[in-house]
Amino acid sequence: MTSFVDRVNLQVIAGKGGNGCVSVHREKFKPLGGPDGGDGGHGGNVVFVVDPNVHTLLDFHFQSRLQAGNGKHGKGSNRDGATGETLHVAVPNGTVVYASGEQLADLTGIGTELTIASGGRGGRGNASLVSSKRRVPGFAELGEPGDELDITLELKSVADVGLVGFPSAGKSSLIAAMSAARPKIADYPFTTLTPNLGVVSAGETTYTIADVPGLIPGAAQGKGLGLEFLRHIERCAVLAHVIDCANLETDRDPVSDIDALEHELAEYGGLNDRPRIIVLNKIDIPDGRELAEFVRPDLEKYGWPVFEASAVSREGLRELSFAFARAVEDYRAKQPPIEATRVVIRPAAIDDSGFEVRKLTPAYEGDVEFVITGQKPERWVGQTNFENEEAIGYLADRLANLGIEEELAKQGAVPGSVVRISETEFEWEPTDPSIIATVGPRGTDARFERTDRKSADERLAERKGRRTELLERVAKEEEARGKRRRG
């Protein structure tokens, strides 16, 4: 049964926002109670949290769909809907998140959080849509859908020392002897099928040690198990070559083993700056000790520290653990200090119209002639209930105020042109028919060419004429009232 998974594909869906409510307050002796529909609740987020108790992505192997709670709908009496439940997902330290082939985040450090998908906003109820022109709205906004995306999680173990070597070199035995880890150990190749982690304390230094399943020539190109697990040593501060000095294969020797391992590490890339340590293992066997003493001068030419050790007799393990600690401390001291993440705020340009109108020439997508894109119009269309005529009118007003009608007219749209916003298609009917008459070709305006406009003198003469008529009418009324009094 699978017990270790370090790469999974997931579908992440944030919660949908709740719909706003359409309600009018009704109470005895309050005939004009007014609208009181509440807003819908926001959808829940999907948040990844680094948990020290999680060491594998096994749980996601059986649950490939993560979905947060939806927001509740608004209700009457100004009751807003509840916010959807946020889904907190525990992931192991060293999890890398990819989407569409691009890295979104590298989650390292206990307690690190990442909001991978944001919930949709709840729709406004009719109480929130009241304005001076619309006193009792008969509609409400729909909730917005939450973010939905397909991601890939990849685990890269966070360890300070990485043990690399051929199969059956004794890497798992060293971890078991130096730490409290208890990996599977057997006398056949590829016993280790998953990376093993152990914690070692040497003086005041505490570090983690990990082994990689046995590497063989061609591992960097996918041969054997190397390609699957080489990524687990990317974060290691120190790499230790574990050499099997009791190997019975006549075509192998410690020098050729190190050359082969270094070739695979160079092919994988990104590990040239890591310090190396050579560990001549299994010196408890007489032939192994003789071979270690024989090849030691040849190995010193690499310029790396060479240690002899035995996981069985524990000989040399103390010196080796302190050597690892010194190398880890030196590597940590050379790293630049960790700086707090800088938050960069980039406000939208003040002249940004917020939309784009594109004319399809010819109309190759069915009958669609114009396509409108932009965050605002797409959001507004998603919030509109197209079964409510008043809601449709409200959407038309918003689009007209944004300038979309004028832009459509400039690009040659006429009443009845098929326009698409997001996934919604409709026939365009301008709210202001004068737009079509007044907006001509680019750089012209028919309103400036009108010849029936009255001059200032003509308007002044009309005002004087109306005033004279008013005075004459008042004088006649006064004369008629005087005659009635005398008679």
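Keep in mind it's a predicted model, so treat the numbers as computed, not measured.

(A) Molecular detail of the packing of helix α2 (residues 171-178) against helix α6 (residues 317-334). The geometry of α2 relative to α6 is characterised by a closest axis approach of 11 Å and an angle of 90° between their N-to-C directions. Accordingly, the angle class assigned to the pair α2 and α6 is roughly perpendicular. Residues L174, A177 and M178 of α2 form the contact with α6, whose own contacting residues are L317, L320, S321 and F324. When grouped by side-chain class, the residues that make up the contact of α2 with α6 number 6 nonpolar, 1 polar and no charged.

(B) Just the sheet that holds strand β4 (residues 87-91), in detail. In spatial order, the strands read β4-β2-β7; together these 3 strands make up an open sheet with mixed pairing. Across the chains shown, the open sheet's two edge strands, defined by having one partner strand only, are β4 and β7 (113-117). Neighbouring strand axes in the sheet, compared pairwise and without regard to direction, differ in orientation by 30° on average. Looking at chain direction, strand β2 (residues 46-50) and β4 are connected through 5 bridges and run parallel. Paired with V46 across the strands is L87, a residue of β4.

(C) Structural detail: the pairing of strand β9 (residues 161-164). By the alternation rule, side chains of β9 split into V161 and L163 and G162 and V164, which are all buried. Where β9 and strand β11 (residues 205-211) come together, 3 bridges link them in parallel fashion. Across the sheet, G162 pairs through a bridge with A210, a residue of β11.

(D) Representation of the sheet that holds strand β16 (residues 370-373). Sheet architecture is open: 4 strands sit in the order β15-β16-β17-β18, paired in mixed fashion. Looking at which strands have only one partner, the edges of the open sheet turn out to be β15 (356-359) and β18 (424-427). In this sheet, neighbouring strand axes are inclined to one another by 25° on average, regardless of whether the strands run parallel or antiparallel. Sheet topology note: the strand β17 (residues 418-421)/β18 ladder contains 4 bridges and is antiparallel. Bridge pairing in β18 links V419 to F426. Helix α7 (residues 375-383) rests against β16, β17 and β18 of the sheet, and its axis sits at about 95° to β16.

(E) Here's a closer look at the nonpolar core. Membership of the largest hydrophobic core comes to 28 residues, with the highest contact counts inside it found for L163, Y207 and F324. Those elements that provide at least two residues to this core are β9, α2, β10 (196-202), β11, β12 (238-244), β13 (276-281) and α6. Beyond its immediate chain neighbours, meaning those up to four positions away, Y207 contacts D160, V161, M178, G198, V199, V200, A202, S321, F324, A325, V328 and R332. With 22 residues, the next largest nonpolar core counts V12, F48, V50 and L66 among its residues.

(F) Local environment of α6. Taking 1.5 Å as the rise per residue, α6 with 18 residues should run 26 Å; its terminal C-alpha atoms sit 26 Å apart, in good agreement. Turning to α6, its buried residues are L317, L320, S321, A323, F324, A325, A327, V328 and Y331.

(G) Representation of the packing of α7 against helix α8 (residues 389-402). Interaxial distance between α7 and α8 falls to 10 Å at its minimum, and their mutual angle equals 175°. Judged by the inter-axis angle, α7 sits roughly antiparallel to α8. Contacts between α7 and α8 involve K376, P377, W380, V381 and Q383 on the former and, on the latter, L395, R398, L399 and L402. Residue composition of the contact of α7 with α8, by class: 6 nonpolar, 1 polar and 2 charged.

Cut-off values and rules
Residues numbered from 1 in each chain as written. Predicted model: local features only at pLDDT ≥ 70, side-chain atom pairs only at ≥ 80, totals over all residues. Heavy atoms only, no water. Axes fitted to C-alpha atoms, helices over the stretch in contact; angles between N-to-C directions. Helix = DSSP H or I, 4+ residues; strand = E, 2+ residues; numbered from the N terminus. Parallel < 35°, antiparallel > 145°, perpendicular 65-115°, else oblique. Contact = heavy atoms within 4.5 Å. Nonpolar A, V, L, I, M, F, W, Y, C, P; charged D, E, K, R; others polar. Pairing = 2+ DSSP bridges. Buried < 20%, exposed > 50% of the residue type's maximum accessible area, 1.4 Å probe, protein only. Core = buried A, V, L, I, M, F, W, Y, C linked by side-chain atoms within 4.5 Å. Expected span 1.5 Å × (residues − 1).

Geometric values such as these leave the question of function open.
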